[in-house]
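# Overview (structure and organization)
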Amino acid sequence: LYICFRTVEPLEYYRRFLKENCRPDGRELGEFRATTVNIGSITTADGSALVKLGNTTVICGVKAELAAPAVDSANKGYIVPNVELPSLCSTRFRSGPPGEEAQAASQFIADVIENSQIIAKEDLCIANGKLAWVLYCDIICLDYDGNILDASAFALLAALKNVQLPSVTINEETGLSEVNLKQKNPLIIRKHPVATSFAIFDDTLLIVDPTAEEEDVATGTVTIVTDDEGRLCSVHKPGGSPLTGAKLQDCITRAVTRHKEVKKLIDKVIKSIKPK
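As the structure is a prediction and not an experimental result, all values here were calculated from the model.

### Here we look at the pairing of strand E9 (residues 194–201)
Extensive coverage of E9 is indicated by the burial of 8 of its 8 residues. Residues Val194, Thr196, Phe198 and Ile200 point to one face of E9 and Ala195, Ser197, Ala199 and Phe201 to the other, with burial holding for every one of them. Relative to strand E11 (residues 220–226), E9 runs antiparallel, the two sharing 7 bridges. Bridging across to E11, Ile200 finds its partner in Gly220. Where E9 meets strand E10 (residues 205–208), 4 bridges bridge the pair, whose relative direction is antiparallel.

### Concerning the UniProt feature "domain: Exoribonuclease phosphorolytic" (unreviewed entry) in the protein
Under the UniProt annotation, "domain: Exoribonuclease phosphorolytic" (unreviewed entry) lies at residues 31–166 and 193–256. Helix makes up 24% of residues 31–166 and strand 37%, and the two end C-alpha atoms of the span are 41 Å apart.

### Topic: the nonpolar core
Across soluble globular proteins, you tend to see nonpolar side chains buried next to one another. Core analysis: the biggest nonpolar cluster contains 66 residues, and Ile119, Leu135, Leu160 and Leu187 have the highest contact counts within it. When residues in this core are grouped by element, the largest group, 11 residues, is from helix H4 (residues 148–162). Membership of the second largest hydrophobic core comes to 10 residues, among which are Tyr13, Phe17, Ala199 and Val217.

### Describing helix H3 (residues 100–116)
Its 17 residues give H3 an end-to-end C-alpha distance of 24 Å, which sits within 8% of 24 Å, the value for a rise of 1.5 Å per residue. Where H3 is concerned, the buried positions are Ala102, Ala105, Ser106, Phe108, Ile109, Val112, Ile113 and Ser116. End-on, the buried residues of H3 take up no more than an arc of 160°, which puts them together on one face. Here the buried face of H3 lies against strand E4 (78–84), strand E6 (131–143), H4, E9, E11 and strand E12 (232–236). One or two steps after H3, the chain reaches Gln117, where phi turns positive at roughly 55°.

### A few points about the sheet that holds E10
Ordered in space as E10-E9-E11-E12, the 4 strands form an open sheet in which the pairing is antiparallel. Where the open sheet ends on each side, the last strands, each with one partner, are E10 and E12. When strand polarity is set aside, the average angle formed by the axes of neighbouring strands in this sheet is 25°. Those strands touched by H3 are E9, E11 and E12, and its axis lies near 155° from that of E12.

### Brief notes about H4
With 15 residues, H4 extends 21 Å between its outermost C-alpha atoms, agreeing within 8% with the 21 Å of an ideal straight helix rising 1.5 Å per residue. Where burial is concerned, most of H4 is hidden: 14 out of the 15 residues are buried.

### Let's talk about unusual backbone geometry
Residues other than glycine seldom take positive phi values, yet Asn21 does so here, at roughly 60°. On the secondary structure map, Asn21 appears in the loop between helix H2 (10–19) and strand E1 (35–39). Positioned with a positive phi, Asn147 is a non-glycine residue whose angle comes to about 50°. With respect to the helices, strands and loops of the structure, Asn147 is situated in the loop between E6 and H4.

### Some thoughts on the pattern of salt bridges
According to the stated counting rule, one finds 17 salt bridges in the structure shown. Among the ionic pairs, Arg15 bridges to Asp202, the shortest N-O distance being 2.7 Å. Here Arg15 is found in helix H2, whereas its partner Asp202 is found in the loop between E9 and E10, with 187 residues between them in sequence. Assessed through its relative accessible area of 28%, Arg15 is described here as partly exposed.

### Some words on the packing of aromatic side chains
By the definition in use, this model includes 4 aromatic pairs. Between Phe93 and Tyr144 the ring centres are 5.1 Å apart and the planes differ by 90°, which places this aromatic pair in the edge-to-face class. Within this pair, whereas Phe93 is found in the loop between E4 and H3, its partner Tyr144 is found in the loop between E6 and H4, the two being separated by 51 residues in sequence. Residue Phe93 is classed as buried on the basis of its relative accessible area, which comes to 11%. An aromatic cluster of three or more residues is present, and its members are Tyr13, Tyr14, Phe17 and Phe201. Here the guanidinium or amino end of Arg258 rests over the ring plane of Phe32, the centre of that ring lying 3.6 Å away.

Definitions and cut-offs
Residues numbered from 1 in each chain as written. Predicted model: local features only at pLDDT ≥ 70, side-chain atom pairs only at ≥ 80, totals over all residues. Heavy atoms only, no water. Buried < 20%, exposed > 50% of the residue type's maximum accessible area, 1.4 Å probe, protein only. Helix = DSSP H or I, 4+ residues; strand = E, 2+ residues; numbered from the N terminus. Pairing = 2+ DSSP bridges. UniProt positions renumbered as here; feature names shortened; annotations may be inferred. Core = buried A, V, L, I, M, F, W, Y, C linked by side-chain atoms within 4.5 Å. Expected span 1.5 Å × (residues − 1). Arc of directions from axis to C-beta. Contact = heavy atoms within 4.5 Å. Axes fitted to C-alpha atoms, helices over the stretch in contact; angles between N-to-C directions. Salt bridge = Lys/Arg side-chain N within 4 Å of Asp/Glu carboxyl O. Phe/Tyr/Trp six-rings, centres within 6.5 Å; stacked < 30°, edge-to-face > 60°. Lys NZ or Arg CZ within 6 Å of the ring centre and 35° of its normal.

Written as structure tokens, this is what we have:
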């Protein structure tokens, strides 16, 4: 009977749980799903990470290539993010060119990189006006169960912290670049942006880390991105219910706590794989 009710009246089904301050999966309103991160999962990439947020599973691989810097920013490299939501991750996505949600997620990740200054693009420059690194960050969803933005931002950060780039010099006589694969250096990660997403129910109630089903019945979503100092990097709110200042402040407070949890998780994993 309950399964029928859930299918026919999903919103009413959720309201009954939310009235009791809990959710169908047993979580409290402000509770995240179990989160795990695995670093260095793809051996062919220059850096990679696999993140699981409940059932939502995302993998990020970073490939580094050499290119000439743009004329108007001769001392900067490039970071090119791309989020893919293939048909294998959920029945809601089709094969073919990226859909609206994948494009929105790619734009969100590009904004996070830009606004948080996770990496200074100047650090990717090898020789002014001549040579710079391009980091292609491919984020692929393997299993979609809501909250793709938090999982993608987390996977990106963990993968970038895993990147090792060979040292490159330009030979003065020939003008050609020489790559030393034996000597590798990590990227300088300037900031650790962490995304925290909420679903809004009936214009007033906020729940953290929504599942796909919760996103479907919500009246809106909001994603808060904070950095190490608890500063706000960005607020992503694609339409839906408006939020009062007080509610937004609640979201920011929860996001700052979440930042500490995620940072602790990444540090623990990196420590465990560092050569002794």
